[in-house]
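Fold and contact review
Given next are the chains, with one letter for each unit.
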Amino acid sequence: MGPASLELLRRAARHAAEAPGRERGDSLRAAAAELGESLDPRFRAADLDRLEIELSQYQATFHPEQQERLAALRRATVEAMTFFAEFRPRLVGDVLTGTADTYSPIVLQLFAATPEQVIERLLAHDIPFEESETSYQYRDGRSERVSVFAFGAGDDHVVLEVFPEEGLREVPLAPGGGKLRRASRQQVEALLQEEDGGPDV
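Summarised in this report is the structure supplied together with it. (Residues numbered from 1 in each chain as written. Predicted model: local features only at pLDDT ≥ 70, side-chain atom pairs only at ≥ 80, totals over all residues. Heavy atoms only, no water.)

**Regarding helix 1 (residues 6-18)**
Cut-off, in case you're wondering: Every helix listed is a DSSP run of H or I at least four residues long, and every strand listed is a run of E at least two residues long, numbered separately from the N terminus. A helix is expected to span 1.5 Å multiplied by its residue count minus one. For each residue, the accessible area found with a 1.4 Å probe, counting protein chains only, is set against the maximum for its type, and the residue is called buried under 20%, exposed over 50%, and partly exposed in between. Throughout, a contact is declared for two residues whenever any of their heavy atoms are within 4.5 Å.
With 13 residues, helix 1 should cover 18 Å at 1.5 Å per step; its first-to-last C-alpha distance of 18 Å lies within 8% of that length. Taken together, the buried positions of helix 1 are L8, L9, A12, A13, H15, A16 and A17. Along its buried surface, helix 1 packs onto helix 2 (24-35) and helix 3 (44-62).

**Structural notes on the side chain of R182**
Using the following cut-off: This count recognises Lys and Arg as positive and Asp and Glu as negative, with His and chain-terminal groups excluded. What counts as a salt bridge is simple: a side-chain nitrogen of Lys or Arg found within 4 Å of a carboxyl oxygen of Asp or Glu. Between N or O atoms, a polar contact is any pair within 3.5 Å; within protein, one atom must be a potential hydrogen donor and the other a potential acceptor, and residues adjacent in sequence are included only when both atoms are from side chains.
Tracing the sequence through the fold places R182 in the loop between strand 5 (156-164) and helix 7 (185-195). Here R182 is buried and forms no salt bridge, its nearest opposite-charge partner E144 lying at an N-O distance of 7.5 Å. A distance of 2.7 Å separates polar atoms of two side chains, one belonging to R182 and the other to Q109. Here L168 takes part through its backbone oxygen, which lies 3.5 Å from a polar atom of the side chain of R182.

**A closer look at helix 7**
What counts, and what does not: As used here, the arc belongs to the directions running from the helix axis to the C-beta atoms.
Of the residues making up helix 7, those classed as buried are V188, L191 and L192. Down the axis of helix 7, the smallest arc covering the buried residues is 100°, so these residues share one side. Buried residues belonging to helix 7 abut helix 4 (65-83), strand 1 (90-92) and helix 5 (94-97).

**Describing the side chain of D47**
With respect to the secondary-structure elements, D47 resides in helix 3. Residues contacting D47, with those up to four places away along its chain left out, are P3, A4, L9, L28, L39 and D40.

**Some details on the nonpolar core**
Put simply, the test is: To define a nonpolar core, start from buried Ala, Val, Leu, Ile, Met, Phe, Trp, Tyr and Cys residues and group those joined through side-chain atoms within 4.5 Å.
Counting 29 residues, the largest nonpolar core has L91, I106, L108, V118, L122 and L160 as the members making the most contacts within it. Of all the secondary structure elements, the ones that give two or more residues to this core are helix 4, helix 5, strand 2 (106-112), helix 6 (115-124), strand 4 (143-153), strand 5 and helix 7. The element best represented in this core is helix 4, accounting for six residues. Beyond its immediate stretch of four places on either side in the chain, L160 contacts F84, L108, L110, V118, L122, S147, V148, F149 and F151. The next biggest cluster of nonpolar side chains, apart from the first, holds 14 residues, and it includes A4, L9, A17 and L48.

**Notes on the packing of helix 2 against helix 3**
Helix packing for two helices is described by the angle between their axes and how far apart those axes are. Applied cut-off: Axes here mean lines fitted to C-alpha atoms, for a helix over just the part in contact, with angles spanning 0 to 180 degrees between N-to-C directions. Throughout, the term roughly parallel applies to angles under 35 degrees, roughly antiparallel to angles over 145, roughly perpendicular to angles from 65 to 115, and oblique to all others. For this classification, the nonpolar set comprises Ala, Val, Leu, Ile, Met, Phe, Trp, Tyr, Cys and Pro, the charged set comprises Asp, Glu, Lys and Arg, and every other residue, Gly included, is treated as polar.
Across the interface, helix 2 lies against helix 3 with an axial gap of 10 Å and an inter-helix angle of 90°. Considering their axes alone, helix 2 and helix 3 lie roughly perpendicular with respect to each other. Judged by residue contacts, R24, G25, L28 and R29 of helix 2 engage R44, D47, L48, L51, E52 and L55 from helix 3. Looking at side-chain class alone, the contact of helix 2 with helix 3 contains four nonpolar, one polar and five charged residues.

**Section: the packing of helix 1 against helix 2**
Put simply, the rule reads: Take the far helix as the reference: if the near one is turned anticlockwise from it by less than a right angle, the crossing is left-handed, and if turned clockwise, right-handed.
It is at 8 Å that the axes of helix 1 and helix 2 come closest, and there the two elements cross at 125°. Between helix 1 and helix 2, the angle falls in the class oblique. For the crossing formed where helix 1 meets helix 2, the hand is right-handed. Counting all contacts with helix 1, which are made through E7, L8, L9, R11, A12, R14, H15 and A16, the residues of helix 2 involved are R24, S27, L28, A30, A31, A32, E34 and L35.

And the structure:
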């Protein structure tokens, strides 16, 4: 065995595009079952990274309207990152990778001395929110639980994951074990500029 075949990845991308919110790993397994292929766990992270690329290409080809939605989400992301600038926000997830659909939330990782600092910021601006927790794995095998605050902003859904301040220096694994990408506000603004055709000259 080895890395997933291109045919498998393309079929998995179609599954992921047609089932918003579905775990990428589930899409890979469904495609493998249909093709009668096996997935090599040694290449899981690489397969997930390659699937993101295939999914982005699939959406650009077959669902071009989602590119408008993606741009709108990224503009809203810049506003949210400006609002939470004191917590050095980083964008993660589908809005960053370019695979966002109608149901994708804006996921920001914030870095604060305590989660209560973020709560105070939300309460000070009368923003109702839901509180929960999630966990992340690291390459050294340890796991870390972080507080999560979710709220609505117009048509968008924003999810805040609050890490300790030192968490900015170490990037956890993505859900499913792939490489987690993070982007600063300036990097998101650069993505928007690219979508708009680049800077004026």
